Structures are given as structure tokens and as C-alpha cells.
Amino acid sequence: MSGKPGYHGRILNIDLSTGKIEKVSVPPEDLDKFVGGQGLGMKILWDRLKKPGIDALSPDNPLMFMPGPFSGLPVPSSSRTCVVTKSPITAPVKSDHSHASTVTYSNMGGFFGPEVRFAGYDGIVITGKARVLSCIVIDDEKVEIRDATKFKGMRTDAFDKAILAELGDRGFKTVYIGPAGENLVPYSSILHTAGRAAGRGGSGCVMGSKNLKAIAVKGSGQPTVADHARFLAALEKARSVLYGSAYAKSWAEQGTARAIVGNSNAGTEAVRNYREGTFPEAGKIGGDAARRDVWVRDIACYCCPLACKKSGMTKGKYGGVVHDGPEYETGVMLGSNLMISDMPGLLKAISTIDDLGLDQISTGNVIGFLMEAYERGMIDRSFLDGIDLKWGSVDATLAMIEKIAAKDGVGALAAEGVRALSWHIGKGSEKFAIHVKGLELAAHNIQANQPMALSYVTASRGACHLSGDNIAMQNRRAMLDSTGMCFFPTFEPALEEPMLALLSAITGREYDKAEFEKTGERIFNLEKMFNYREGFRREDDRLPDRFFEDAFTVGPKKGAVLDRNKFQAMLTQYYKERGWDPETTNPGESKLKELGLHSIV
Amino acid sequence: MDKRGEEIRDPGKGSGFTRREFLIGIGIGGGAVVLLGQFGVHAIDWARSGDPVLKMVLVDYAKCTGCRTCESACSSRNRPAAIGGKELPGLGNPRYANIRVHSFNPDVDVPNVCAMCADTPCVNACPVEPDQKTGRRALYRDPATRTIRNDSGRCIGCGSCARACASQRTGVITPNRETGKPEHMCTLCGGDPQCVKLCPFGALSYVKVRRDRKFYGLGPEKVAAQLARNWYGTADFGGLK
């Protein structure tokens, strides 16, 4: 133990090749500079992967489950676990290194991150590859690697129940992959509570490459804080901002699903493979409809007063338990983006994707691409193994989802993502293969939303809608995802002051707004340096042609399209403000010095 | 929300038996049969146990979101920290909470907390000879707070109370991993239960004990099974009870 307040000062290091389990102390200066979560994960990734081009699916690539300094304390909405690793999906246009890819991180709510801290660790770092399918069981100091071969191929909903039955204790919090991750589908997710996921960027594929089915953790401890009395006062303040507020109630009412209708009305929704920004039938799959017909419960993550998650049940042909959704991302990617407006069908697609352990966003994007290629006659029904993949078809969508997870027939190619598909199909399909750096775009469409376009192209993990629309937002988000707090409550400006006070009271380091952003900038720049070392340059910060050529034909933003010159000017301005070389995007020595990264990189 | 609330929430206007009515009820059947069904012969013990004014923390399962803030609020009050010679609320490690949220798949969350049973099957099961002066066994009902407390000096850690609680009521009493002595009996925080105060969703309330409430005294698995059937048409929890 480091004795550093706010932390246990150690991570759990597990090498699945050798079975070696170590509790490794974290240098205190790393905790100061990189905080936890996404930031500390990035630092460890930089330390472990000493050279570019290491295969993301090789045993060397560390897979990390990173809570932050808020985790395990009753700070509102601090339930997040950031999964950090090297991406098995992204690639630069050209590079000297055959397995060049970006960092990737994916952030999930629930109860796992807090439990990791209860067990006495600031993170779990997994390297190597187990001989057979395995799971890791952590009960405070006791850590075991167990055979999990009998769970091979098990879907996540069944596994969520089976693993707890096996352990005989519902107190364990678990994360696991589904068949897609076992089959090394690049955009596989890691699930938690059968309905929460570290979805984006392929962390489930990396977990599969390690022959790791699951991690179960349970603990009885807790970190200390630097200033106990200040912590309690700031905690009370943070609660008073959120409790009973109209803001919190609004999240509980509809969660992110509210935006399914809202963004359609604003012309910023992914519709018909990003061809349009407005979906006339959005009301059928939106929050009001779900509240009326599907949802029975509002569900919250650890100590969260927002409760944005919903569960319910549908009946009929596609009936069943709904662990979550529609949320904005899942509802749009499998709904409007595929022209699906049948609510039970949509929810069946969402739950099947979670059950198989795929990323909802990439899966919806890939199927949208195939639907368009099919409509345009670039591929025929035999290419699709007989699936009549028409816009709006639930059955065809479900069939394609199964094929992708199993890498069966056309699914093997579709599993590689839209970039690989468009290379294979050719015929100009690159224009509507909607990705950045190989990672598919999310549910926010951008012909009428240039700031979101900036987030997609400059994000460290490929097309990410959460990175931030501008530099300050990117820095704040990188920092926030390092603390363990969710970003949904932080849209409430009054939370900022108590949140900063909490972080200061816990860590003993004084964080004001500027220090918070500066730390985020340091983290963002280390990610950038990682990607730069792999060979990513300005030419990789590019969008598909669709966004500059295909103006919307319907909705309030009819006619909207991005302007290439304006977009490039925005990017140039962005690199300059970042202090990066606008030609190459290299941060350069003075920026690194300013951020205290000089000695590291 | 209201739609489903009606189906599962205790309407709050149940028959509200007094002990006297209950004793009559046993004779004539009627509503008391429900109670006998739920508690068996223990209902008779209850009816004979007198009518102290008992209060408890009541859960509205339709409002609970499973966030576990109640656990941290409970732990913070009941497991204070000594900071610079002063006693301050603790950091809310849920391990020490007396209320525990049990989470299931399908998505049901059941906060489980001492039901403050009038007939105290836990105390009745304590094999420690009653103290000659106080009449107390190791486990006893505190006359001031009316909560269940354990005299750890006399407790032999046999686990009888926990077994009685688990088989007859909520199963909230848990033997300590090392000592076997009972833990997690609700203290009511001196009449101001912090879980009730800090639940962000108003799912908890501080009310008089009424044994005719729909889910009164049931263990989390039984509550969850009923809720899951109502909400999702299934009660398959994958074999873990």
C-alpha cells in the first residue's frame, strides 16, 4: 500500500499464460498525473507496450478494468468502470507497423468498478492467454483462475445467472463475454448484469483472445480519504444538487431514449445508414412509447440518483424480458438507422446483440451498411447467404446478428466491420461505409452537426460520440472518465463545485476547474502520443464522403451537408489550439513539456 | 409507474389486525387464514406476543431502482469513523450495512432489512440462558429502541438466530464470518433511519410494523420471484436461491 489517500495504491496483475497473480503497487506520481480509470489505464498501456505495432490480440496486450478515485465511495453516480486496452479494430491509412491500432477504452456503469475497489485494488490488469477458457474469481485477497470450459459458447443472459449459481453467492459482481467475444469478433463487448456493456472498441474481443470468459469480484474493504470532514460536506452538497431535482427526474423518466424523438426532430439522428437525420416514425420507438408499452422499472447504477436504465417486457413474436432499452444509441442504431419502427422487434434485436456480446453501435452500423449495399444492388441475396436484408426487416436483422456473432458465412466478413466490407465489395461503397479509423460511427448524425463531427474524427479510439465537441469538453471528459463518475449528472452545472471538492477531499490534491481540465489534457495527449507512435496522422482524421455529398432530403435540416473546406479549416484550427502540428498532428516537445509528459514519452 | 404500482404495491389499507382481532380471527377463519398461510403456527406466537408499537423500514419495490444508496447511508451511520478524536459518519462501506439490496436477473432489486417481528423468532431461537436480572438471552429486543440487539459478550456464535430468521422471515441476520455472531439487525438509527432519509427515489419509509402487508417478512428470493412474475412473466433466477 502506498498510503496515498483515496487509493489502495496497488493494482491486481494477472498473467493468464503463467497463472501468476501479483499485487503491484502503483507509483504515487502516476496517481497524481493520471488519476485512475481511463487515464491510469492509458499510462499502464503506455508502460506495458513499449513499441508500436503490437498485435491487440497477442498475449502482450494488457486488458484493464479501471475504476477511479470516486469508485467505492458513495459519491453520486460514481459507478463506472473503464476498460482500457489496445484496439483490435482501428488502423491507420498507412503505417510502418502491421498491427498498428489506437488505444481503446470503453466505459460501463453498474457495480463492478466499486466492487474492485471494495476488494482492495485500484484496477485489474490482465495479460497473457489462458490455455483453456477460464474465469477469474476475486474475493478480497484471494484470487483464483478457474476453468470455465463448461460455459463455452454460453450467451450472456444465461451466463449471468449460471456464474452466480456456480459461485453460490449473489454478492459477486461479474463481467463476461458472450459467444461473439469467444469467436473473436472484433467489435465484441463485455457485459455486466446482462444489460450493461463496455461496448465500443472491441474490448470483448481482446478478452476472448485471452481465453477469459469472466471476472467475478467481491470485496469488503474501502479506500480512505484525505479529508474526511470535507468529503462528507461535499457529499451532502452533491446530493442536494441532484436529489429531487427536475434534472434527475428527467433522466429517470426516459433516460437517453428521450433523444430518439428529440434528435430526429433536430435532424441529428442516424437514419437509413446516415443518409438522413430525421426519422418520421421515431415516435414509435421513442421514450414515450417505451414508457407506455414496455418499461416496468427505472434502474440505477451504484449510488446514482438518476436511474436512466430501464427494464421491461414485450409480448408476441419478439416477446421477452428486456434488460435495457431502447436507449438512444441502441434504439437508433437498430431502429431508425435500419428503418425499423417495430418496438418489440427493435428490443429483440437489442437484447440479442447483448446476449451474444456484440457492440450495439457497430453491429447496427454494419447492418445498415449491408442494407444499403443490398438496396443498391452492389451485393445480392446469395452474398447475404439468402437473407433478404431489406430496410426495416426485423427478421433479416436478427438473422444477420446471429451470423456476425458466429462468424458464419457472410457474418465472417461482416464481423470485420464496414471498412473491411467496403474494401471487399468495392463499387464505390466506401462512400457510405460510416467509420473513422475503422471504428463505426455512433447514433449521432453529423450533416447538420459539425461539432459532433469533430468528436468523431479527433477521438482517440476512432469514431466516438462521447469524446467531446471541442477541446475543453474533450479534456474534461478524459478526466471525468478517469474518476469513476458517470458523465450524465455532470450536464448539471451546479454539480461541478461539489464534484471538484469531493475529488480534492478524497485525493488530497487540490482540483479546481483548471487543474481538472489540465489533467484531462495530459491524459488526452498521452492517448494521442500512443496513436501517433502507431502511425496515425492527420489523414486518418477523416470522414466518409457521404457527409460532404449526401444532403438530407427530409426533415427540418433538409439540404444540410458538411462543407469540406469548412471542415478542414475547423480541424486545422483544432490542432493549432491543441498545440499540435497541423500537418502531422504531432503534439511536439513543448506541449509535452507543459503537460509533464516529456519524461514519459 | 402507477399502473404497475397498483398491481404489486401494498395498497396500505389492509385489514390492520390488532392482536385481539387476530386471536378472534384464528377462531373464525377469514383473513387470518392468509396470515397462517404465510407464517404458519408462528402467527399464533405473534398474536400472543403483545402489541408494542413497533416501527420498521418499509420498501416500495416499485420505486426501488437498486442503486444501493441505502446500504451506504446505513453503513455511514452505523459504522462511524474516528477522525482526530471525533466520531464522524463513516465512508459508507456497504459491507457494514444492515440493509442489503439483493439484485436478480431478470432485473429485480430487493432491499432486505429487519422486519422488526413482534414475535422475534430470532430471539426465541437463542439458546443462551436468560440473564436472571434482565431476563435477556444473548439476543434480545432493546426496550428503549425496540430493535433487536446482540450481547456479544454472552453470544456463543451458534448461528441459531440467523437460521431462524432465514427459515421463518427475511434472513437478514447474518453470522459474522469469523465469530459466527449475528450482524445486520436494523438499529433504526435512533428513530431517524438514514436509508429512508437518503433514498433518492423515495422507495423507503419509516412506518409502523403491520404483518398484513403484502410482502411482510418474506426473504428476498420470495419477494423477487413474485415481482419478476408480475413484471416479466418469469421467475427464473438461474438456480441460485
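Residues numbered from 1 in each chain as written. Chains lettered and ligands numbered in written order. Predicted model: local features only at pLDDT ≥ 70, side-chain atom pairs only at ≥ 80, totals over all residues. Heavy atoms only, no water.

## Focus: the packing of helix 18 (residues 450-458) of chain A against helix 23 (residues 564-578) of chain A
In helix packing, the relevant descriptors are the interaxial angle and the interaxial distance, both defined with respect to the helix axes. Residues and elements named next belong to chain A. Where we set the bar: Every axis corresponds to a line fitted to the C-alpha atoms, with the helix fit spanning only the stretch in contact, and the corresponding angles, defined between N-to-C directions, vary from 0 to 180 degrees. Numbering of helices and strands runs from the N terminus, with a helix taken as a DSSP run of H or I at least four residues long and a strand as a DSSP run of E at least two residues long. Roughly parallel covers angles under 35 degrees, roughly antiparallel covers those over 145, roughly perpendicular covers 65 to 115, and oblique covers all other angles. For a crossing to be left-handed, the near helix must be turned anticlockwise from the far one by less than a right angle; the clockwise case is right-handed. For this analysis, residues touch if any pair of their heavy atoms sits within 4.5 Å.
Contact pair helix 18 / helix 23: the axes reach a minimum separation of 11 Å and the direction vectors enclose 60 degrees. Relative to helix 23, the element helix 18 lies oblique. Here helix 18 and helix 23 pass one another in a crossing that is right-handed. Contact residues: Gln-450, Ala-453, Leu-454, Val-457 and Thr-458 in helix 18; Lys-566, Phe-567, Met-570, Leu-571 and Tyr-574 in helix 23.

## Quick look at the interface of chain B and chain A
Short version of the rule: What gets called buried area is simply the loss in accessible area from a 1.4 Å probe that two parts show on being joined, summed for both. For this document, the term salt bridge refers to a Lys or Arg side-chain nitrogen within 4 Å of an Asp or Glu carboxyl oxygen. Two N or O atoms form a polar contact when they lie within 3.5 Å of each other; inside protein one atom must be a possible hydrogen donor and the other a possible acceptor, and for residues adjacent in sequence the pair counts only when both atoms belong to side chains.
Facing the 45 residues of chain B at the interface are 53 residues of chain A. Roughly 3,700 Å² is buried in total at the junction of chain B and chain A, and carbon and sulfur atoms are behind 54% of that figure. On the surface where chain B and chain A come into contact, there are five salt bridges. Between A:Lys161 and B:Asp236 there is a salt bridge whose closest N-O contact spans 3.5 Å. Our count for the contact surface shared by chain B and chain A stands at 17 residue pairs in polar contact (both at pLDDT 80 or more). Among the elements of the structure, helix 1 (2-8), helix 5 (69-78), strand 2 (81-83), strand 4 (100-104), strand 5 (108-112) and helix 9 (220-232) of chain B are those that each provide at least two residues to the side of chain B that touches chain A.

## Section: the confidence of the model for chain B
This is how the line gets drawn: Summary of the metric used: pLDDT quantifies the predictor's per-residue confidence within the range 0 to 100.
Averaged over all residues, the pLDDT of chain B equals 84, while 77% of them reach at least 70. This model gives residues 1-37 of chain B a pLDDT under 50, and the stretch forms 59 contacts once residues within four places in sequence are excluded.

## Remarks on empty space enclosed by the protein
The line we're drawing: Each cavity reported here is a set of points on a 1 Å grid over the protein atoms alone in which a 1.4 Å probe fits but cannot get out, each pocket an open set with protein on both sides within 12 Å along at least five of seven lines, and each lining residue one with an atom within 4 Å of a point. Grid points are joined across faces, edges and corners, and a volume is the space filled by probe spheres set on the points. Basically, the charged four are Asp, Glu, Lys and Arg, the nonpolar ten are Ala, Val, Leu, Ile, Met, Phe, Trp, Tyr, Cys and Pro, and anything else, Gly included, counts as polar.
Across all of its chains, the model carries seven cavities of 30 Å³ or more by this definition. In this structure, the largest cavity spans a volume of roughly 400 Å³. Forming the boundary of the largest cavity are 27 residues, of which A:Asp160, A:Thr193, B:Ser103, B:Phe104 and B:Asn105 lie nearest the centre. Where the lining of the largest cavity is concerned, the elements lending two or more residues are helix 4 (156-167), strand 9 (173-176) and strand 13 (295-299) of chain A together with strand 4 and strand 5 of chain B. Here the element with the most residues in the lining of the largest cavity is helix 4 of chain A; it accounts for three residues. Classifying every residue of the lining of the largest cavity by side-chain character gives ten nonpolar, eight polar and nine charged. Taken as a whole, the second largest cavity encloses approximately 110 Å³ of empty space. Forming the boundary of the second largest cavity are 14 residues, of which B:Cys114, B:Cys117, B:Cys122, B:Cys165 and B:Ile173 lie nearest the centre. Of the residues that constitute the lining of the second largest cavity, the class distribution is eleven nonpolar, two polar and one charged.

## Some details on the sheet that holds strand 14 (residues 309-314) of chain A
Residue and element names in this part refer to chain A. Stated precisely, the cut-off is as follows: DSSP bridges decide pairing: two strands pair if at least two such bridges lie between them.
Sheet architecture is open: three strands sit in the order 13-14-15, paired in antiparallel fashion. Edge positions in the sheet fall to strand 13 and strand 15 (320-322), since each has one partner strand and no second. Strand-to-strand twist of the sheet, defined as the mean angle between neighbouring strand axes without regard to direction, takes the value 15 degrees. Note: strand 13 against strand 14, four bridges, orientation antiparallel.

## Details of the side chain of A:Asp122
All names here are of chain A. Condition: A 1.4 Å probe rolled over the protein chains alone gives each residue an accessible area, and that area as a share of the maximum for its type sets the label: buried under 20%, exposed over 50%, partly exposed in between.
Within the fold, Asp-122 resides in the loop between helix 3 (112-118) and strand 6 (124-127). Taking relative accessible area as the criterion, Asp-122 reaches 3% and is therefore assigned buried. A distance of 2.9 Å separates polar atoms of two side chains, one belonging to Asp-122 and the other to Arg-117. In this structure, Asp-122 is in contact with Tyr-7, His-8, Gly-9, Arg-10, Ile-11, Met-66, Pro-67 and Arg-117, ignoring residues within four places of it in sequence.

## Some points on the environment of A:Gly320
Residues and elements named next belong to chain A. One can find Gly-320 in strand 15. Separated by 24 residues in sequence, Gly-320 and Pro-344 have C-alpha atoms that sit 8.7 Å apart. Those residues in contact with Gly-320, other than ones at most four positions away along the chain, are Gly-312, Met-313 and Thr-314.

## Description of the nonpolar core
Side chains that are nonpolar tend, in soluble globular proteins, to be buried together. Stated precisely, the cut-off is as follows: For this analysis, a nonpolar core means a set of buried residues of the types Ala, Val, Leu, Ile, Met, Phe, Trp, Tyr and Cys, connected via side-chain atoms within 4.5 Å.
Formed by 120 residues in total, the largest nonpolar core has its most connected members in A:Phe231 and B:Val108. Formed by 86 residues, the second largest nonpolar core is a distinct cluster that contains A:Ile285, A:Met400, A:Ala433 and A:Ala463.

## Thoughts on the sheet that holds strand 6 of chain A
Residues and elements named next belong to chain A. The strand order across the open sheet built from six strands is 2-1-6-3-4-5, with neighbouring strands paired in mixed fashion. Each edge of the open sheet carries a strand with a single partner, namely strand 2 (20-25) and strand 5 (103-108). Strand-to-strand twist in this sheet, taken as the mean axis angle between neighbours without regard to direction, amounts to 20 degrees. Relative to strand 6, strand 1 (residues 10-15) runs parallel, the two being bridged by four bridges. Its bridge partner lying in strand 6, Asp-15 is registered against Thr-127. Along the sheet face, helix 2 (residues 37-48) touches strand 1, strand 3 (63-66), strand 4 (81-86), strand 5 and strand 6 and points at about 25 degrees away from the line of strand 4. This element, helix 21 (residues 513-534), spans strand 4 and strand 5 of the sheet and lies at about 140 degrees to strand 5.

## A closer look at the environment of A:Gln447
Residues and elements named next belong to chain A. Tracing the backbone shows Gln-447 in the loop between strand 17 (439-440) and helix 18. For the pair Gln-447 and Leu-413, spaced 34 residues apart in sequence, the C-alpha separation works out to 28 Å. Once residues within four sequence positions are removed from consideration, Gln-447 is found in contact with Tyr-274, Arg-275, Arg-546, Phe-547, Asp-550, Phe-552, Ala-560, Val-561 and Leu-562. Separated by 3.0 Å, the side chain of Gln-447 and the backbone oxygen of Tyr-274 make a polar contact. One polar contact links Gln-447 to Asn-445, side chain to side chain, over a distance of 3.3 Å.

## A word on the packing of helix 14 (residues 360-375) of chain A against helix 17 (residues 418-425) of chain A
Residues and elements named next belong to chain A. Packing of helix 14 against helix 17 leaves a shortest axis separation of 10 Å and a crossing angle of 20 degrees. Considered as vectors, helix 14 and helix 17 are oriented roughly parallel to each other. Here helix 14 runs over helix 17; the crossing is right-handed. Every residue of helix 17 that contacts helix 14 at Asn-365, Val-366, Phe-369, Leu-370 and Ala-373 is listed here: Val-418, Leu-421, Ser-422 and Ile-425. Among the residues making up the contact of helix 14 with helix 17, the classes are represented as seven nonpolar, two polar and no charged.

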